[in-house]
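Survey of secondary and tertiary structure
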There are 2 protein chains.
Amino acid sequence: MKPEKRAPLDRGRVADTALRLLNEVGLEGLTLRAIARELDVKAPALYWHFKDKQALLDEMATEMYRRMAAGAALDPADTWRERLLKINRGLRGALLGYRDGARVFSGSRFTGADHGPELEANLRLLTESGLTLAQAVHAGRTTHLYTLGFVTEEQGVRPHPDERREGYDVAERARRLAGYPLAAEAGKLLFDDYDQQFEEGLELLIAGIAARYGAG
Amino acid sequence: MKPEKRAPLDRGRVADTALRLLNEVGLEGLTLRAIARELDVKAPALYWHFKDKQALLDEMATEMYRRMAAGAALDPADTWRERLLKINRGLRGALLGYRDGARVFSGSRFTGADHGPELEANLRLLTESGLTLAQAVHAGRTTHLYTLGFVTEEQGVRPHPDERREGYDVAERARRLAGYPLAAEAGKLLFDDYDQQFEEGLELLIAGIAARYGAG
DNA sequence: ACATCTCCTTAACAGCGTTAAGTGGCGTCG
DNA sequence: CGACGCCACTTAACGCTGTTAAGGAGATGT
């Protein structure tokens, strides 16, 4: 009967476990007690590694970013269009990989400088394509915020594959907007094929960058 | 010594009071007990008017929308560019008018069909400018989600005029990103002049709509 | 007059993030 | 060897949260 002692925790193990649990219970179910239970520990133990829950969420967001960056093949020969597409498709994919991923991500701040290298590489590629640094920042920032807004909305309606938030299906919306024919018709377009709608928005942004900043 | 009886509550009074209180205490301080206290009532009384807190937040978001729509002059002679600019500037202004406005707004769903008329008018104007309905929906949706993403970020860094979130000023960011010159330089551009940055993003989107959908 | 409906109160519940204090095991030092 | 001290955690508790159950006062209807 050995008690089989656990190895001590560290920030990484906690964040990993919390991310796994996030997908099972969602953000509102992600309590410190639940995370601790998963780690075979009591809740206050987490305060040894994180000063409060937000610090843990920050670490989770940072880890989400690290995994996203690790999975992205950054071809230095990309055109700026391809790079912006890859960045934002990758970001959306990463956020969709976690329940409430967008809410966790945009409510948090990175804990380290892990994003430095990729940010630098992206800015370099954009500026070498003929954009000024300010233009590159605007382009990156605008697409980034669009993507965050998009996925936030997407996950609000559909927190995870399967399961829809109650009281917001197309039929009910159509009933409430009867009398507004264009609005009602628009509803059909609004709740299907998120992939293609996301792409369309990205294309709009990229067309705008090309037009306004005169980049090839 | 008259007890000076209160008039009975209704959903509107509750939502109005909650919105006023939101600006004083922020979303995390907006508890049912605090709202009830403001209304000279006990917390469970609110459950007579709303089935749960989310229903109250939904009503608040709807009221935010109503006030925004009421303050917007919708000139039928607008070009589609002007209209999209007005809509999204108005939305941003409305969200910035409340502490955590963007989080409340994008976490909620409208309770009625108040948005019907304006949505219909906007879609009509866009389609009469030569866009297909699908294009109009894409244009409106993309700008809308950009604006929500932008203000969410903006209010995350600066929840209200004054008061910044701790641990994220430009100096600390620059220190962490030393060694990444473009990224460090970009930081200066990232945290100042939100108004102008918002405008720039909007212009990118509008340029993209013009270019991709070939509208005048 | 009694019953009904409306709107609110009191009391309580489980669960939350968080803090304070204590405790067992380990490494180091006298 | 024994004592000290640090690490990583536990136990206990606090004030707070959203929410439910039960009841009660006051107007309204018959």
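Residues numbered from 1 in each chain as written. Chains lettered and ligands numbered in written order. Predicted model: local features only at pLDDT ≥ 70, side-chain atom pairs only at ≥ 80, totals over all residues. Heavy atoms only, no water.

Another aspect to go through is helix H7 (residues 116-128) of chain B. Under the 1.5 Å per step criterion, the end-to-end length of H7 of chain B is 18 Å for 13 residues, consistent within 8% with the ideal 18 Å. What H7 of chain B keeps buried is the set Gly116, Glu118, Glu120, Asn122, Leu123, Leu125 and Leu126 of chain B. Contacts from the buried residues of H7 of chain B go to helix H10 (181-190) of chain A together with helix H4 (53-70), helix H5 (80-96) and helix H8 (133-157) of chain B. A positive backbone phi angle near 110 degrees is found at Gly130 of chain B, which sits one or two residues after H7 of chain B. (Helix = DSSP H or I, 4+ residues; strand = E, 2+ residues; numbered from the N terminus. Expected span 1.5 Å × (residues − 1). Buried < 20%, exposed > 50% of the residue type's maximum accessible area, 1.4 Å probe, protein only. Contact = heavy atoms within 4.5 Å.)

Screw-axis analysis of chain A against chain B gives a translation of 0.0 Å along the axis, an RMSD of 0.0 Å, and a rotation angle of 180 degrees. Here the two chains are linked by the operation of a two-fold rotation axis. Taking C-alpha positions as the reference, the residue of chain A nearest the rotation axis is Gly208 of chain A, at 1.7 Å. Same-surface contact between copies: 100% of interface residues of chain A are shared with the interface of chain B. (Least-squares fit on C-alpha atoms with pLDDT ≥ 70 in both.)

Bringing unusual backbone geometry into the picture now. Residues and elements named next belong to chain B. Even without glycine at this site, Asp40 takes up a positive phi of about 65 degrees. Among the structural elements, Asp40 can be located in the loop between helix H2 (32-38) and helix H3 (46-49). Of the residues examined, Asp40 reaches a relative accessible area of 58% and is grouped as exposed.

Now for the protein's contact with DNA strand C. Contacts to DNA strand C come from 17 residues, most closely from Thr31, Arg33, Tyr47 and Lys53 of chain A together with Lys42 of chain B. Within 4 Å of the protein, atoms of DNA strand C come from sugar and phosphate in 58% of cases. Between DNA strand C and Thr31 of chain A there is a distance of 3.2 Å, counted from a phosphate oxygen to a side-chain nitrogen or oxygen. Within the side chain of Arg33 of chain A, an N or O atom sits 2.8 Å from a base nitrogen of DNA strand C. Split into classes, the residues belonging to the surface near DNA strand C amount to nine nonpolar, two polar and six charged. (Near = heavy atom within 4 Å. Polar contact = N/O pair within 3.5 Å; in protein donor to acceptor, adjacent residues only side chain to side chain. Nonpolar A, V, L, I, M, F, W, Y, C, P; charged D, E, K, R; others polar.)

Scanning all chains against the criterion turns up 12 aromatic pairs over all chains. The rings of Tyr146, Phe150, Tyr194 and Phe198 of chain A are connected pair by pair, giving a single aromatic cluster. (Phe/Tyr/Trp six-rings, centres within 6.5 Å; stacked < 30°, edge-to-face > 60°.)

One pass over the structure, following the stated rule, counts 38 salt bridges over all chains. In this structure, Arg20 of chain B engages Glu24 of chain B in a salt bridge whose closest nitrogen and oxygen atoms are separated by 3.7 Å. Highlighted residues: Arg20 of chain B and Glu24 of chain B, both in helix H1 (residues 11-29), separated by four residues, approximately one helical turn. Given the relative accessible area of 41%, Arg20 of chain B is considered partly exposed. For Glu24 of chain B, a relative accessible area of 47% translates into the label partly exposed. A network of salt bridges, in which partner residues are shared, links Arg11, Asp16, Glu59, Glu63, Arg66, Arg67 and Asp114 of chain A. (Salt bridge = Lys/Arg side-chain N within 4 Å of Asp/Glu carboxyl O.)

We now examine the protein's contact with DNA strand D. Taken together, 18 residues are adjacent to DNA strand D, and Lys42 and His49 of chain A together with Thr31, Tyr47 and Lys53 of chain B come closest. A share of 56% is what sugar and phosphate atoms reach among the atoms of DNA strand D within 4 Å of the protein. In the model, a phosphate oxygen of DNA strand D is placed 2.8 Å from a nitrogen or oxygen of the Lys42 of chain A main chain. His49 of chain A places a side-chain nitrogen or oxygen 2.8 Å from a phosphate oxygen of DNA strand D. For the surface near DNA strand D, the per-class residue count stands at 10 nonpolar, two polar and six charged.

The interface of chain A with chain B comprises 59 residues on the first partner and 59 residues on the second. The contact between chain A and chain B buries some 5200 Å² in all, and 63% of this surface belongs to carbon and sulfur atoms. Of all residues in chain A, the largest losses of buried area upon contact with chain B belong to Arg109, Arg141 and Leu204 of chain A, amounting jointly to 15% of the total for that side. Between Arg109 of chain A and Glu153 of chain B there is a salt bridge, and its shortest N-O distance comes to 3.1 Å. Counting every contact that joins chain A to chain B gives 18 residue pairs in polar contact (both at pLDDT 80 or more). (Buried area = accessible area lost by both parts, 1.4 Å probe.)

A few words now on the nonpolar core. Membership of the largest hydrophobic core comes to 129 residues, with the highest contact counts inside it found for Ile35, Met60 and Phe105 of chain A together with Ile35, Met60 and Phe105 of chain B. If near-sequence neighbours (up to four positions away) are discounted, Ile35 of chain A is found in contact with Val14, Ala18, Leu21, Leu30, Leu46 and Leu56 of chain A. (Core = buried A, V, L, I, M, F, W, Y, C linked by side-chain atoms within 4.5 Å.)

Between the first and last C-alpha of H4 of chain B there are 26 Å, a value that for 18 residues agrees with the 26 Å anticipated at 1.5 Å per step. Along H4 of chain B, the residues classified as buried are Ala55, Leu56, Leu57, Asp58, Glu59, Met60, Ala61, Thr62, Glu63, Met64, Tyr65 and Met68 of chain B.

With that settled, consider the side chain of Glu118 of chain A. Residue and element names in this part refer to chain A. Here Glu118 is to be found in helix H7 (residues 116-128). In this structure, Glu118 is buried with no salt-bridge partner, the nearest side chain bearing the opposite charge being Arg83 at 7.0 Å. Setting aside anything within four residues of it in sequence, one finds Glu118 in contact with Tyr65, Ala69 and Leu74. (Lys, Arg positive; Asp, Glu negative; His and termini not counted.)

We now examine the environment of Leu133 of chain A. Topologically, Leu133 of chain A is positioned in helix H8 (residues 133-157). Once residues within four sequence positions are removed from consideration, Leu133 of chain A is found in contact with Leu123 and Thr127 of chain A together with Leu182, Glu185, Ala186 and Leu189 of chain B.

Assignment of secondary structure puts Glu120 of chain A in helix H7. No salt bridge is formed by the buried Glu120 of chain A, whose closest oppositely charged neighbour, Arg124 of chain A, lies at an N-O distance of 4.3 Å. With near-sequence residues (within four places) excluded, Glu120 of chain A lies in contact with Tyr180, Pro181, Leu182 and Ala183 of chain B.

Now for the packing of helix H5 (residues 80-96) of chain A against H7 of chain A. Packed helix pairs are characterised by how far apart their axes lie and by the angle those axes make with each other. Residues and elements named next belong to chain A. H7 packs onto H5 with a crossing angle of 150 degrees between their chain directions and a minimal axis gap of 9 Å. Between H5 and H7, the crossing angle belongs to the class labelled roughly antiparallel. Judged by the sense of rotation from one axis to the other, the crossing of H5 with H7 is left-handed. Listed contacts from H7 to Trp80, Arg83, Leu84 and Ile87 of H5 are Ala121, Asn122, Leu125 and Leu126. Of the residues in the contact of H5 with H7, the class split is six nonpolar, one polar and one charged. (Axes fitted to C-alpha atoms, helices over the stretch in contact; angles between N-to-C directions. Parallel < 35°, antiparallel > 145°, perpendicular 65-115°, else oblique. Left-handed = near helix turned anticlockwise from the far one by under 90°.)

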